[in-house]
Amino acid sequence: SALIPGLDLFNHAFGSGTQIQLVEDTLERNNNKDTEGSTRTQKAWLVSSSESYQAGDQVFLSYGDDKDNWKLLLTYGFSVSDNPNSLIFWSWQDLLDA
């Protein structure tokens, strides 16, 4: 995993349709009229979404569609009500007592 400044501004939503990709872009520079230009490869994070947004809309990002509330809480400091990945913990004694 990576810490990418600014991505913590996106709120979490399961199945948000928003993706983050590391892309490479080749830039050409022409330093002088009489010499050949140089090329440089630059990497950047690209945020794209399958959803349509208007100016001012909040864009959501899934912090992990498979994460239960324990993982969300321990990793990101929040939990989600009605999490579809909720887990229930019990002991063998709980099962025997039921």
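S.K.: Sorry if this is basic, but what is going on with the pattern of salt bridges here?
M.R.: Pairs can form between side chains of opposite charge whenever their charged atoms are close. Evaluation of the coordinates by the stated rule reveals 1 salt bridge. In this structure, K43 and E24 form a salt bridge, with 3.9 Å as the shortest nitrogen-oxygen distance. Of this pair, K43 sits in strand β3 (residues 38-49) while E24 sits in strand β2 (residues 18-29); the two residues are 19 residues apart in sequence, bridging distant segments of the chain. Since its relative accessible area comes to 56%, K43 is described here as exposed.

S.K.: Quick question: what am I supposed to make of the side chain of D68 here?
M.R.: Position of D68 relative to the elements: it lies in the loop between β4 (60-61) and α1 (69-76). Here W70 takes part through its backbone nitrogen, which lies 2.8 Å from a polar atom of the side chain of D68. At 3.1 Å, the side chain of D68 and the backbone nitrogen of K71 are in polar contact. Once residues within four sequence positions are removed from consideration, D68 is found in contact with N83, N85 and L87.

S.K.: Please clarify how a nonpolar patch on the surface should be interpreted in this entry.
M.R.: Residues W70, L74, L87 and F89 make up a contiguous nonpolar surface patch of about 510 Å² in total accessible area. Owing to a relative accessible area of 48%, W70 belongs among the partly exposed residues under this scheme.

S.K.: I keep staring at the packing of aromatic side chains and nothing clicks. Help me out?
M.R.: Within a pair of aromatic rings, the relevant descriptors are the distance that separates the centres and the angle that separates the planes. What the rule picks out here adds up to 3 aromatic pairs. Relative to Y76, the ring of Y63 lies with its centre 4.7 Å away and its plane at 65°, an arrangement referred to as edge-to-face. Of the two residues, Y63 is situated in the loop between β4 and α1 and Y76 in helix α1; the sequence distance between them amounts to 13 residues. Each ring, one from Y76 and one from F78, has its centre 6.4 Å from the other, and the planes form 35°; the classification is tilted. The class for Y76 is partly exposed, based on a relative accessible area of 38%. Its relative accessible area of 24% is what places F78 among the partly exposed residues. By the ring-pair criterion, three or more aromatic residues cluster together here, those being Y63, Y76 and F78.

About the cut-offs
- Residues numbered from 1 in each chain as written.
- Predicted model: local features only at pLDDT ≥ 70, side-chain atom pairs only at ≥ 80, totals over all residues.
- Heavy atoms only, no water.
- Salt bridge = Lys/Arg side-chain N within 4 Å of Asp/Glu carboxyl O.
- Helix = DSSP H or I, 4+ residues; strand = E, 2+ residues; numbered from the N terminus.
- Buried < 20%, exposed > 50% of the residue type's maximum accessible area, 1.4 Å probe, protein only.
- Polar contact = N/O pair within 3.5 Å; in protein donor to acceptor, adjacent residues only side chain to side chain.
- Contact = heavy atoms within 4.5 Å.
- Patch = residues over 30% accessible without salt bridge, like charges linked within 9 Å, V, L, I, M, F, W, Y side chains within 5 Å.
- Areas by Shrake-Rupley, 256 points an atom, 1.4 Å probe, with all protein chains shown as cover.
- Phe/Tyr/Trp six-rings, centres within 6.5 Å; stacked < 30°, edge-to-face > 60°.

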